[in-house]
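Descriptive structure summary
Now for the letters of each chain:
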Amino acid sequence: MRIRRLPTLGLAVLALALPTGCVRSADEAPATPAPPHAEAPAVPAAEETMAPPPVTLPDACGLVSKAEAQKLAGTPLNDAVRVRDTCSYTAPASGPTAQVEVYVGDGAEKYLDIERELGHEIRPLSGLGDEAHLSAEAFFIRKAAVWVAVRLVRLNDPEENQAPLESLARAVAGRL
């Protein structure tokens, strides 16, 4: 019985392997040949094709020291943890809840955009960089193409944090 199945299986495989749709009827015109190589479009001048040089971002942990983060948080904090263009100082598990986060670059700008989308109150800070803002828990500074955001997490009345946030914002703006 196995011997009889082999020829049938072979024909089935052969039928599947044959190309389909290759037959053209007599009334069909042959495919139009590709045009000869056309002249390449003119290349724009070098100044038009060059992208702006990449922006060099400052070190997030260099913008806010551990001592400054502890002063802002009002409690001792662990050493900084760096992740790409961010820096975080967190309170020990045994201490009160507190965290200071520093964002540099696109993440800082995105954080400001999200705050605006959420309708959080944001007020301008004058005299800092090219643009600066303060919210209940963070400040945002732009100098040229570089954005910086510093966020404070504490379980207290956010009004208590406004003066310390603004003071640190002035220090950070001086480092940009």
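Residues numbered from 1 in each chain as written. Predicted model: local features only at pLDDT ≥ 70, side-chain atom pairs only at ≥ 80, totals over all residues. Heavy atoms only, no water.

1. Side note on the overall build of the protein
For clarity, the cut-off: Elements are defined by DSSP. Helices are runs of H or I of four residues or more, strands are runs of E of two residues or more, and each kind is numbered from the N terminus. Working definition: with a 1.4 Å probe on protein chains only, accessible area under 20% of the residue-type maximum means buried, over 50% means exposed, and in between means partly exposed. Should any heavy atoms of two residues lie within 4.5 Å, those residues are considered in contact. Residue burial considers only the protein chains on display, and all accessible areas are found by Shrake-Rupley using a 1.4 Å probe.
Secondary structure assignment for the protein yields six helices and seven strands. Order of helices (α) and strands (β) in the protein, N terminus to C terminus: α-α-α-α-β-β-β-α-β-β-β-β-α. Counting across all 176 residues of the protein, residues that qualify as buried make up 26%. Taking as baseline every contact in the protein between residues at least 6 positions apart, the subset at least 24 positions apart corresponds to 51%. Carbon and sulfur atoms make up 58% of the accessible area of the protein, which amounts to about 12,300 Å² in all.

2. Digging into the pairing of strand S3 (residues 98–104)
Spelled out, the test is: Only when DSSP finds a minimum of two bridges between them are two strands counted as paired.
Taken across its seven residues, S3 has five buried, putting it largely inside the fold. Pairing between strand S2 (residues 86–90) and S3: five bridges, direction antiparallel. Its bridge partner lying in S3, Tyr89 is registered against Val100. In terms of strand pairing, S3 meets strand S7 (residues 146–154) through seven bridges, oriented antiparallel. Its bridge partner lying in S7, Gln99 is registered against Val153.

3. Considerations on the packing of aromatic side chains
Heads up, the rule is: When two rings of Phe, Tyr or Trp (its six-membered ring) have centres within 6.5 Å they constitute a pair, described as stacked for plane angles under 30 degrees, edge-to-face for angles over 60, and tilted for the intermediate range.
Summed over all chains, the structure comprises two aromatic pairs. Measuring from centroid to centroid gives 5.0 Å for Tyr111 and Phe140, while their planes differ by 65°, and the two rings are edge-to-face. Of this pair, Tyr111 sits in helix H5 (residues 106–117) while Phe140 sits in strand S6 (residues 138–143), placing them 29 residues apart in sequence. On the basis of relative accessibility, which here comes to 12%, the residue Tyr111 falls in the buried class. Assessed through its relative accessible area of 0%, Phe140 is described here as buried.

4. A closer look at the nonpolar core
Stated precisely, the cut-off is as follows: Throughout this description, the term nonpolar core refers to a set of buried Ala, Val, Leu, Ile, Met, Phe, Trp, Tyr and Cys residues connected via side-chain atoms within 4.5 Å.
Core analysis: the biggest nonpolar cluster contains 30 residues, and Val64, Leu77, Tyr89, Val100, Phe139, Val150 and Val172 have the highest contact counts within it. Going through the elements one at a time, helix H3 (60–63), helix H4 (66–73), S2, S3, strand S5 (131–134), S6, S7 and helix H6 (162–175) are the ones with two or more residues in this core. Sorting elements by how many residues they give to this core places H6 first, with five residues. Not counting residues up to four positions away in its chain, the partners in contact with Val64 are Ala69, Tyr89, Val102, Val150, Leu168, Val172 and Arg175.

5. Some details on the confidence of the model for the protein
Where we set the bar: As a per-residue measure, pLDDT reflects the predictor's confidence and takes values from 0 up to 100.
Taken residue by residue, the protein gives an average pLDDT of 82. The fraction at 70 or more is 70%. Across residues 1–23, where pLDDT falls below 50, the model places one contact with residues more than four positions away in sequence or in other chains.

6. Describing the environment of Pro124
Within the secondary structure layout, Pro124 lies in strand S4 (residues 123–124). For the pair Pro124 and Phe140, spaced 16 residues apart in sequence, the C-alpha separation works out to 9.3 Å. With sequence-adjacent residues up to four places away left out, Pro124 is seen in contact with Ala132 and His133.

7. Section: the pairing of S2
Alternating positions in S2 separate cleanly, Cys87 and Tyr89 being buried on one face and Thr86, Ser88 and Thr90 remaining unburied on the opposite face. When strand S1 (residues 81–83) meets S2, the two strands line up antiparallel, connected through three bridges. Its bridge partner being in S2, Arg82 is matched across the sheet by Cys87. Between S1 and S2, which pair antiparallel one after the other, the connecting turn spans two residues, and Arg84 there sits at a positive phi close to 50°.

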